[in-house]
There are 2 protein chains.
Amino acid sequence: MISQTLEYALRAVVTIAQHEGHPCTAKQIAEITQVPAPYLSKLMQRLVRAGVVHSQRGLHGGFVLAEEPCELTIWKVVDAVEPFQRIHECPLGIKSHDSTLCPLHRRLDRAMEMVQELFCSTTIADVLAEPGAVTPLCQEKKTFMINANIKSLKHSAEESGKKKTKKKRTPAAE
Amino acid sequence: MISQTLEYALRAVVTIAQHEGHPCTAKQIAEITQVPAPYLSKLMQRLVRAGVVHSQRGLHGGFVLAEEPCELTIWKVVDAVEPFQRIHECPLGIKSHDSTLCPLHRRLDRAMEMVQELFCSTTIADVLAEPGAVTPLCQEKKTFMINANIKSLKHSAEESGKKKTKKKRTPAAE
DNA sequence: GTCATTTAGGATAAGTTGATCTTGAACTCC
DNA sequence: GGAGTTCAAGATCAACTTATCCTAAATGAC
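The shown structure was predicted, so the numbers you read here are calculated from the model rather than taken from an experiment.

J.: Please explain the nonpolar core as it appears in this structure.
T.: Within soluble globular proteins, side chains that are nonpolar tend to cluster in buried spots. Counting 86 residues, the largest nonpolar core has Met-44, Leu-47 and Phe-119 of chain A together with Met-44, Leu-47 and Phe-119 of chain B as its most contacted members. With sequence-adjacent residues up to four places away left out, Phe-119 of chain A is seen in contact with Ile-2, Thr-73, Ile-74, Trp-75 and Val-78 of chain A together with Arg-107, Leu-108 and Ala-111 of chain B.

J.: Just checking my understanding: could you explain the protein's contact with DNA strand D for this structure?
T.: The environment of DNA strand D is made up of 27 residues, and the closest members are Thr-5, Tyr-8 and Pro-36 of chain A together with Lys-42 and Ser-55 of chain B. Backbone sugar and phosphate groups make up 71% of those atoms of DNA strand D lying within 4 Å of the protein. Separating a phosphate oxygen of DNA strand D from a side-chain N or O atom of Tyr-8 of chain A is a distance of 3.2 Å. Between Arg-57 of chain A and DNA strand D, the recorded distance is 3.0 Å, taken from a side-chain N or O atom to a base nitrogen. Among the residues making up the surface near DNA strand D, the classes are represented as nine nonpolar, twelve polar and six charged.

J.: Would you take a moment to explain unusual backbone geometry for this structure?
T.: Across residues other than glycine, the phi torsion is negative in most instances, and most of the peptide bonds are trans. Residue and element names in this part refer to chain A. One non-glycine residue, Gln-34, lies in the positive phi region at around 60°. By secondary structure assignment, the location of Gln-34 is in the loop between helix H2 (26-33) and helix H3 (37-49). Phi angles above zero are rare outside glycine, and His-60 is one such case at about 65°. Summarising the element assignment, His-60 is placed in the loop between strand E1 (53-56) and strand E2 (62-65).

J.: Would you mind going over the packing of aromatic side chains with me for this structure?
T.: Where two aromatic rings form a pair, the distance of their centres and the angle of their planes describe that pair. Residues and elements named next belong to chain A. All told, the structure shown has four aromatic pairs over all chains when counted by the stated rule. When the ring of Tyr-8 is compared with that of Tyr-39, the centres are 6.0 Å apart and the planes differ by 75°; the resulting orientation is edge-to-face. Highlighted residues: Tyr-8 in helix H1 (residues 4-18) and Tyr-39 in helix H3, separated in sequence by 31 residues. Judged by its relative accessible area of 10%, Tyr-8 falls in the buried class. Both rings, one in Trp-75 and one in Phe-84, keep their centres 5.2 Å apart while their planes meet at 75°; by these two values the pair is edge-to-face.

Reading guide: rules and limits
The residue numbering used here restarts from 1 in each chain and proceeds along that chain's sequence as written. Chain letters start at A and ligand numbers start at 1, both assigned in the order the entries are written. pLDDT decides what is reported in this predicted model: residues at 70 or higher carry local features, side-chain atom pairs at 80 or more are listed and counted, and totals for whole chains, interfaces and linings draw on all residues regardless. The side-chain quantities take in all heavy atoms of the structure and omit both hydrogens and water. Only buried residues count toward a nonpolar core, which is a set of Ala, Val, Leu, Ile, Met, Phe, Trp, Tyr and Cys residues joined through side-chain atoms within 4.5 Å. Burial here depends on accessible area, computed with a 1.4 Å probe over protein chains only, as a share of the maximum for the residue type. Under 20% is buried, over 50% is exposed, and the range in between is partly exposed. Residues count as neighbours in contact if any of their non-hydrogen atoms are within 4.5 Å of one another. When at least one non-hydrogen atom of a residue lies within 4 Å of a molecule or strand, that residue is treated as near it. In the analysis that follows, any N or O atom pair within 3.5 Å is treated as a polar contact, provided that within protein one partner can donate a hydrogen and the other can accept it, and provided that, for residues neighboring in sequence, both atoms belong to side chains. Note that Gly is not counted as nonpolar here; it falls among the polar residues with everything else outside the nonpolar set of Ala, Val, Leu, Ile, Met, Phe, Trp, Tyr, Cys and Pro and the charged set of Asp, Glu, Lys and Arg. Here a helix means four or more residues in a row that DSSP labels H or I, a strand means two or more in a row labelled E, and each is numbered from the N terminus. Between the rings of Phe, Tyr and Trp (Trp by its six-membered ring), a pair exists once the centres lie within 6.5 Å; its type follows the angle of the planes, with under 30 degrees stacked, over 60 edge-to-face, and the other angles tilted.

Below, the structure is given as structure tokens:
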């Protein structure tokens, strides 16, 4: 229900927010978020074009958030990578349903509306600040996280042998 | 966010419920729901295997609901055609996150949980009974609907020249 | 200016979903 | 049992999503 690409984008944005102050390179983000590097690269381009992040080429370049984490909602990221298809008119083309959707489509749209509301009311800062929680996306505890990540990146980036995990998406768990 | 196939399945189930008492053929359902007939046929097979509807071959055969509309929830249909992927463990494989998801994944899962709750609490009967509403999926007012549909089907089925509309899915509206 | 670094963009491939077609099997009616 | 009706199943195709690769363009350090 939540696409792979959207999940990737959110991971990336959270990662950049965690390293506020200096840009993250696509390679760094890819390692932390465990997203295939070439694909992440494309995805970052989308985020740049949508104005969610800014990019900077060259040495010490990378990506930074275009907004403060407390201003950037999950919704904005969703909207950037794959705009939600709210149901605004009858999918069957029944004209009389365009003003008032039929009960079925009203409910489907209501479901999407609820998700939209939740996403609109959640900022990246909210995700980072979650009290008592484990750190988003990373093993370490909150305080140590940033330095730990940066250091481990510096190292692992050197030899980054491409480890093809080839993990097949589990088709159903529920 | 809600897949084409799921939408088709719900249209089909609602249509069958609207014609309770006698089976609907795949052809009839396809016309009413405006779903490509061969595809609907495959989809109905899935619903049969999942136990949402029963099928009957031969003259006067077709599909009927396996449960009363007031017992059949939208959720059961969802679960039959494409089981929701709730997030039960950390998608990044971080072991310490499996018991308590990180804030990001917790929120994504929460969004899905909300939708699940809404779908679980809505039955097909609810959809049909919506007060004051237009009839699900069809132009006519509630009382006239059933006969009108059946009759118009009898006619249009005769000459049903395959009209290739080839309507491209509108990529984004929101 | 040159070089290492880093993003941008195009072309392409693999995998999944959406859609079609054809044949076979079950059922009703006569 | 034969004819007409209707679902079942397999093979196939098209479109979209996910993923990869390679080359170009921008940037900063020297």
